[in-house]
Amino acid sequence: MIKITDLEKYYATEEVRTIALNKLSFQVQEGEFVAVMGPSGCGKSTLLNILGLLDDPDGGSFIFNGIEVAGFNERKRADLRKHNIGFVFQSFNLIDELTVFENVELPLIYTGVKPAERKKRVDEVLEKMQIMHRRKHFPQQLSGGQQQRVAVARAVVNNPKLILADEPTGNLDSSNGNEVMDLLTELNEAGTTIIMVTHSEHDAKYSHRIIRMLDGQKVTENVLSEYKSKTLEV
Amino acid sequence: MIKNYIKIAWRNILRYKTNSVLNILGLSIGLVSVMLIALYIQNELAYDTQFDQAAQVYRVNMKGKMGDNAFYAGYTPPPAGQALVDQFPEIESATRIYQSDNTKLAYTNATRSKVFNESEILAVDPNFLEVLSYPLQKGDAATCLQEPNSIVITPQIAKKYFGDADPMGKTLAYGDSGKPLQVTGVFEDLSNYPASLKFDILMPVANFNEVTYFNWSWVWLNMATYVKLTPQASANPATLANLESRFPEMLKVQAAPAFERIGQPFEEFIEKGNYWELHLQALSDIHLYSDGITSSITEQHDVKSLYILGIIAFFIIILACVNFMNLSTVQAVKRSKEIGIRKVLGSQRKQLVKQFMTEVFCYTFCATLLAFITVLLILPMFNGLTGKELDIQAFFNRNLILLILAVVVLTTLLAGIYPAFFLTSFNPIRALKGKVGKTTQSSFIRNGLVVFQFSIAITLIICTLVVFSQLRYAQQKDLGFEKDHVLVINNAETLGNSLASFKKELTALTGVEAASSSSGMLTRGNFGDFYTPKPTADEPNIATDISLSSYLIDDAFIPTLDLEIVEGRGFDKQFKDSLSVILNETAAAQIGWENPIGQQIRYPGGNMEYYTVVGILKDFNLESLHTPIEPFALFAEESKSYDTRTTFISLKISGEHTRQVIGQVQDLWESYLESTPFEYSFLDEDLAYAYQEDQRLASLFMGFSILAIFVACLGLFGLIAFTAQQRTKEIGVRKVLGASVGSIVKLLAINFLKLVMLALILAVPVAWLAMDSWLQDFAYRIDIPIWAFIAAGVLALAIALITVSVQAIKAAIANPVKALRTE
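About the cut-offs
- Residues numbered from 1 in each chain as written.
- Chains lettered and ligands numbered in written order.
- Predicted model: local features only at pLDDT ≥ 70, side-chain atom pairs only at ≥ 80, totals over all residues.
- Heavy atoms only, no water.
- Helix = DSSP H or I, 4+ residues; strand = E, 2+ residues; numbered from the N terminus.
- Rg over C-alpha atoms; globule rule 2.2 N^0.38 Å.
- Buried < 20%, exposed > 50% of the residue type's maximum accessible area, 1.4 Å probe, protein only.
- Contact = heavy atoms within 4.5 Å.
- Areas by Shrake-Rupley, 256 points an atom, 1.4 Å probe, with all protein chains shown as cover.
- Lys, Arg positive; Asp, Glu negative; His and termini not counted.
- Charge placed at Lys NZ, Arg CZ, Asp CG, Glu CD.
- Buried area = accessible area lost by both parts, 1.4 Å probe.
- Salt bridge = Lys/Arg side-chain N within 4 Å of Asp/Glu carboxyl O.
- Polar contact = N/O pair within 3.5 Å; in protein donor to acceptor, adjacent residues only side chain to side chain.
- Nonpolar A, V, L, I, M, F, W, Y, C, P; charged D, E, K, R; others polar.
- Pairing = 2+ DSSP bridges.
- Axes fitted to C-alpha atoms, helices over the stretch in contact; angles between N-to-C directions.
- Expected span 1.5 Å × (residues − 1).
- Bend = angle between axes of the 7 residues up to and from the residue.
- Patch = residues over 30% accessible without salt bridge, like charges linked within 9 Å, V, L, I, M, F, W, Y side chains within 5 Å.
- 1 Å grid on protein atoms, 1.4 Å probe; cavity = no way out; pocket = protein on both sides within 12 Å on 5 of 7 lines; lining within 4 Å.
- Points joined across faces, edges and corners; volume = space filled by probe spheres on them.
- UniProt positions renumbered as here; feature names shortened; annotations may be inferred.
- Domains from an automatic or database assignment.
- Core = buried A, V, L, I, M, F, W, Y, C linked by side-chain atoms within 4.5 Å.
- pLDDT = per-residue confidence, 0-100.
- Parallel < 35°, antiparallel > 145°, perpendicular 65-115°, else oblique.
- Left-handed = near helix turned anticlockwise from the far one by under 90°.

**Q** Would you take a moment to explain the overall build of chain A for this structure?
**A** The number of helices and strands found in chain A is 7 helices and 10 strands. Against the compact-globule benchmark of 17 Å for 234 residues, chain A has a radius of gyration of 18 Å, which places it among compact chains. Its C-alpha atoms give chain A principal-axis dimensions of roughly 45 × 40 × 35 Å. Here chain A, with 234 residues, has 56% of them falling under the buried criterion. Pairs at least 24 apart in sequence give 67% of the contacts found in chain A among residues at least 6 apart. Entry remark: accessible area of chain A is about 10300 Å², with carbon and sulfur atoms responsible for 48%. Charge centroids of chain A, computed over 28 positive and 33 negative side chains, lie 5 Å from each other.

**Q** Quick question: what am I supposed to make of the interface of chain A and chain B here?
**A** Interface extent is often summarised as the accessible area lost during association of the parts. With 26 residues of chain A in contact, the opposing surface of chain B contributes 23 residues. Carbon and sulfur atoms make up 57% of the surface buried where chain A meets chain B, a total of about 2400 Å² over both sides. Run the count over chain A and chain B and you get 2 salt bridges. Of the charged contacts, one joins Lys7(B) and Glu102(A) as a salt bridge, the two residues approaching to 2.8 Å between their closest N and O atoms. Where chain A packs against chain B, one counts 5 residue pairs in polar contact (both at pLDDT 80 or more). When residues of the side of chain A that touches chain B are traced back to their parent elements, those giving at least two are α2 (74-84) and α3 (100-110) of chain A. Class assignment of the residues belonging to the side of chain A that touches chain B gives a composition of 12 nonpolar, 4 polar and 10 charged.

**Q** Sorry, what's going on with the sheet that holds strand β4 (residues 59-64) of chain A here?
**A** Across a sheet, strands are paired by hydrogen bonds formed along the backbone, either parallel or antiparallel in direction. Residues and elements named next belong to chain A. Reading across the sheet, the 4 strands line up as β2-β1-β4-β5 and stay open at both edges, with antiparallel pairing between neighbours. Pairing within the sheet leaves two strands with one partner each, and these edge strands are β2 (17-28) and β5 (67-68). Sheet analysis places strand β1 (residues 2-12) next to β2, joined by 8 bridges and oriented antiparallel. Bridge pairing in β2 links Ile-2 to Val-28. Across the sheet, helix α1 (residues 44-51) is in contact with β1, β2 and β4; its angle to β1 comes to roughly 120°.

**Q** Is there a simple way to think about helix α14 (residues 398-424) of chain B in this case?
**A** Within an α-helix, residues lying three or four positions from one another point in the same direction, as the helix has 3.6 residues per turn. Between its first and last C-alpha, α14(B) extends 37 Å over 27 residues, near the 39 Å set by a 1.5 Å rise per residue. Taking the largest bend as the criterion, α14(B) deviates by roughly 35°, centred on Gly416(B), and proline Pro419(B) comes between one and four positions later.

**Q** Whenever I open this one, a positive patch on the surface confuses me. Can you help?
**A** Residues Arg75(A), Lys76(A), Lys350(B) and Lys354(B) make up a contiguous surface patch of positive charge. Where the positive patch is concerned, the elements lending two or more residues are α2 of chain A together with α13 (349-386) of chain B. Tracing the chain through its elements places Arg75(A) in helix α2.

**Q** Is there a simple way to explain the pairing of strand β21 (residues 610-617) of chain B in this structure?
**A** Working note: regular strand, side chains alternate between the two faces of the sheet. Residues and elements named next belong to chain B. Extensive coverage of β21 is indicated by the burial of 6 of its 8 residues. The pairing of strand β18 (residues 565-568) with β21 spans 3 bridges and is antiparallel. If you follow Ile-565 over to β21, its bridge partner there is Leu-617. With 5 bridges joining them, strand β19 (residues 580-584) and β21 adopt parallel strand pairing. The partner of Asn-584 across the bridge, within β21, is Leu-617. Of the strand pairs in this sheet, strand β20 (residues 600-602) and β21 are connected by 3 bridges, and their pairing is antiparallel. By the bridge assignment, Arg-602 is partnered in β21 with Tyr-610.

**Q** I'm lost on the side chain of Thr198(A) in this one. Help?
**A** Residue and element names in this part refer to chain A. Tracing the backbone through its elements, the reader meets Thr-198 in the loop between β8 (193-197) and α7 (201-204). For Thr-198, a relative accessible area of 1% puts it in the buried group. One polar contact links the side chain of Thr-198 to the main-chain amide nitrogen of Ser-200, over a distance of 2.9 Å. If near-sequence neighbours (up to four positions away) are discounted, Thr-198 is found in contact with Val-36, Met-37, Gly-38, Glu-167, Asp-203 and Ala-204.

**Q** It is not clear to me how the sheet that holds strand β3 (residues 33-37) of chain A should be interpreted in this structure. Could you clarify?
**A** Residue and element names in this part refer to chain A. Strand order in the open sheet made by the 6 strands is β6-β7-β8-β3-β9-β10, with mixed pairing throughout. Pairing within the sheet leaves two strands with one partner each, and these edge strands are β6 (85-88) and β10 (217-223). Between one strand axis and the next, the sheet turns by 20° as a mean value, whatever way the strands run. The pairing of strand β9 (residues 209-214) with β10 spans 6 bridges and is antiparallel. By the bridge assignment, Leu-214 is partnered in β10 with Gln-217. On the sheet, α1 packs against β3, β6, β7 (162-166), β8 and β9 and is oriented at approximately 155° with respect to β7. Strand contacts of α2: β6 and β7, with the helix running at about 75° to β6, the strand carrying the most contacts.

**Q** Help me out: how do you make sense of empty space enclosed by the protein in this one?
**A** Vacant regions in the atomic arrangement are exposed by a probe of water-molecule size rolled over the atoms. Within this structure, the stated rule accounts for 4 cavities of 30 Å³ or more. Looking at the lining of the largest cavity, the elements that each hand over two or more residues are α2 (17-45), α12 (303-344), α13 and α14 of chain B. Sorting the residues of the lining of the second largest cavity by element identifies α2, β6 and α5 (144-156) of chain A as the ones contributing at least two each. Residue contributions to the lining of the second largest cavity peak at 3 residues, all from β6(A).

**Q** Please clarify how the UniProt feature "transmembrane region" (unreviewed entry) in chain B should be interpreted in this entry.
**A** Residue and element names in this part refer to chain B. The feature "transmembrane region" (unreviewed entry), as given by UniProt, occupies residues 21-41, 306-327, 360-380, 400-423, 444-468, 700-724, 736-764 and 784-804 in the numbering adopted here. Helix and strand shares over residues 360-380 are 100% and 0% respectively, and the end C-alpha atoms of the span are 31 Å apart. Counting secondary structure, residues 700-724 comes out at 100% helix and 0% strand; the distance between its end C-alpha atoms is 36 Å.

**Q** Quick question: what am I supposed to make of the domain arrangement of chain B here?
**A** All names here are of chain B. According to the domain assignment, chain B contains domain 1 (1-45 + 299-437), domain 2 (54-285), domain 3 (462-474 + 688-822) and domain 4 (491-678). Computed from C-alpha coordinates alone, the two centres of domain 2 and domain 4 are separated by 29 Å. Across the interface of domain 2 and domain 4, roughly 1500 Å² is buried in total on both sides, 48% from carbon and sulfur atoms. If you look at where domain 2 meets domain 4, you find 3 residue pairs in polar contact (both at pLDDT 80 or more).

**Q** Would you explain the nonpolar core in this entry?
**A** Here is a general trend for soluble globular proteins: nonpolar side chains tend to be buried in one another's company. Counting 104 residues, the largest nonpolar core has Phe454(B), Ile458(B) and Phe704(B) as the members making the most contacts within it. Counting contributing residues, this core receives three or more from each of domain 1 (1-45 + 299-437) and domain 3 (462-474 + 688-822) of chain B. Among the nonpolar cores identified, the runner-up in size contains 42 residues, and Leu24(A), Val34(A), Leu47(A) and Ile109(A) belong to it.

**Q** What am I meant to see in the confidence of the model for chain A here?
**A** A low pLDDT means the predicted coordinates there should not be read in detail. Of the residues in chain A, 96% reach a pLDDT of 70 or more, and the chain-wide mean stands at 87. Per-element averaging of pLDDT across chain A places α2(A) at the bottom with 83 and β8(A) at the top with 94.

**Q** Hey, could you run me through the packing of α13(B) against α14(B) in this one?
**A** Angle between the axes and distance between the axes are the two parameters that describe a pair of packed helices. Residue and element names in this part refer to chain B. As a packed pair, α13 and α14 sit with axes 8 Å apart at the nearest point and diverge in direction by 140°. Taken as axis vectors, α13 and α14 run oblique relative to one another. Considering only the axes of α13 and α14, their crossing is right-handed. When α13 is examined against α14, the residues Arg-349, Leu-352, Val-353, Phe-356, Met-357, Val-360, Phe-361, Thr-364 and Thr-368 are found in contact with a partner set consisting of Val-408, Thr-411, Thr-412, Leu-413, Ala-415, Gly-416, Ile-417, Ala-420, Phe-421, Leu-423 and Thr-424. When its residues are assigned to classes, the contact of α13 with α14 shows 13 nonpolar, 6 polar and 1 charged.

**Q** Is there a simple way to think about the pattern of salt bridges in this case?
**A** It is possible for side chains bearing opposite charge to pair when their charged atoms get close. Per the counting criterion, the structure on display carries 29 salt bridges over all chains. What you see here is one network of salt bridges that share partners, running through Glu32(A), Arg209(A), Lys218(A) and Glu221(A).

**Q** What exactly am I supposed to notice about the packing of helix α3 (residues 80-87) of chain B against helix α9 (residues 247-261) of chain B here?
**A** Residue and element names in this part refer to chain B. Look at α3 against α9: their axes get within 11 Å of each other, and the N-to-C directions meet at 120°. Considering their axes alone, α3 and α9 lie oblique with respect to each other. As for how α3 packs across α9, the hand of that crossing is right-handed. In this structure, α3 uses Ala-83, Leu-84 and Gln-87 to contact α9, whose residues at the interface are Phe-247, Met-250 and Gln-254. Split by residue class, the contact of α3 with α9 holds 4 nonpolar, 2 polar and no charged.

**Q** Even after reading the chapter, I still don't get the confidence of the model for chain B, so can you show me in this structure?
**A** The predicted model of chain B averages 85 in pLDDT, with 97% of residues at 70 or higher. Predicted complex metrics record ipTM = 0.75 and pTM = 0.76.

Shown next as structure tokens:
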């Protein structure tokens, strides 16, 4: 599903040029659950931004669903993104002015789904995330765990093929964190590909494969034992 | 989608209350200004457009030069109208208007008698209403002025004299003779009728002997003439020009006998470099485009003041938009997360721009509603300021509604486009991290906008100060005569032969220091005619003729008004002064005499008699300082050099117990003249009236300047709030390190004060140029005062400082721990 080859990304200020990604290469198959780990500044978030089509690489190739997307313009990226990718952030990133229902509905609006269909799908996903009773509340009125459940609901409402999660449990206590990880696992078992950036070894254990990064490069890659049979050598 | 946009816009308005209030308030102030000024301008432009066939009607103006005196006036000689109709087939009809000085009108029935002085009486030709179709409620426009004893009145006049009874056919007594006039028509309510020619009462001009008497004259300029052209002639500028080009030939023939009679053969008169021309002015141009054309019967405004107001309205709405842009871009940081999320979720920039434009529209919509309500509430006050009678009806005008809609749409675009594109240009990753709005480019634009706003506000402050100091100067200038404590009584001509004894009794009253009578009065007009100085062996090279304005006065006039005689003497009983004249310095200088005393001038318009100069009067201004001092003369009452029908009595009173003094004077008046109302005014008030139009303009100017400054301050308030917020962490760190509140306020305020200083530097030359050109309209004017610039600068800085300090102090006294935690 994803194949990146020699991916490069630089950040330049007036004085220094920082290498965020240094000829990074790997593949992710459809239905996989991959965790990306590494210390702060190793390039995890940059990688996720590029994979999420939020940012453009400075070099290398990025093939998404068989299409080379490196060099796509903003409009094309937005189009590809809204149909295929869901995001879950550490800080939830819900829109404070919108209710739970409206936040979840938003991706459907941008993909042009009809109102009746939108209502049906939002209700379904809220039911599934067990947050239906709070549909009319605003984000500030919810606990962190509930907010992240809303964010996950919003990420999956469009049935994306890929979910990108950036430290999804970073702002949560352990029980709420586990709930969110269980949710992601369920989604993965239902067929959604997940790539997750995390600091937490505990969370990483939910995945099939862990990619460890340092200074913009991949250092190790371990396939968790029970999934070895499913994965391919990179 | 739109529903979603409106929903989130509405929630944002509610959520960021301060910001919303600043935005909506600023925009609505801008819109209030635009609406008020648009109403005003619309009303001004509507003048004289509502008559039937208004496009065919023209006023005949006279442009002339006699000796050193040039004039351009909305007056013509009495025979001009008929001559034009006779000579030129393009001219269908002509009608004349004459304003008599006699204003007394009385109604007597079995039980009681009502007498008033009516200042708005016009005497007109019988066809007047066929040329200018003022709407009648009762009576027939074609016939109501046919009979000399007819009178047509407004409903207000009807009510005043007859109460609720039907006025038609009732008899009013006019003038001192009490000539009976029968009401033959009643107008519709004309108080809101936008016409430059205003009146309460019309009567046929046939009642006025002086008009008949001067029917021969082509130099007696006391009547206005309006002509109606054929539709073909008025539609075609070329025909019109051709028509005017044939006027001089006609004048040469028609006016010759009259010029011969006053001792100025027309050909010779023209050869001497003089001119005497007739011109046509379109009816619709009279109200606004009569700069330099004298007329006391039409309401003439200067179109320039409309331009000025239009420019002010434009600037205020621009200020409000700039405000909006600035405040919205500073909101960007608060909104950046939302924008980031929307982008991540697949929103395209186009959709975000639409969303923001919808939001801006919600703001302008609220602001428009608020502005509309405000305008309705303050309209009475605005009417007081402008002297208009605008009401809600004025809004229901297609052009006005279209204009306001256009302004709203333009405001939305202007105020919205920059923020919409700025806000949506963020890279979503940066936006999510709140790292936007901190670039040097955007702060440059913001600072530029602040400088722009303050430049406009400061320019307006300077202009307001200069306008007011000019008006103050005009009203306080040593005018060359006493204006305080001088009481002027009108209608003294009614006293007839008892004038002398009345004056004698007046001087006997306590509190009355002097009493005098005169045929003219300052600001109330005068008699003007043509005189020829007599050359002598000593002084042969003098002007051959001079046009003089003059009054006939008694001996007490000069001391009562404290006029200064610089050479010779005033009139005195011990001399026989019936053939004496006193000239002002300008007249003597224009004639060219080195030693004027004892020289003579001849009056060809009278009986060719010679008047000997006995005194020279220090120059003073007869009207307002708008006009330069003209040659002026005083003749003795007993000279009877000409016949005016007005007499004014001026009293110098002590200034104490004014009320009692007036009471006594009134009692005395009533003991002489039971049926003539006692009417008086103070000379200083009359003079102030001459500056009413300037005063109005100045007040409007000031009002809108205050609004502009207020809007600019709203913007500044929002900006400093934003800066303080952006620098929360810095402020926190500085405070932890021991910075005082004062030093933090200084840190935040100093940059803004620099911007205001820069604005001041930009505003000074603009204001100087604008005011220099405005002051050119005054014959006597102040030098542009330096203090106005300093005061405006100090004022702007002070206002800015206060605005900035409020926010800066708030930021500086906040708990630093909280400040640090927010990052």
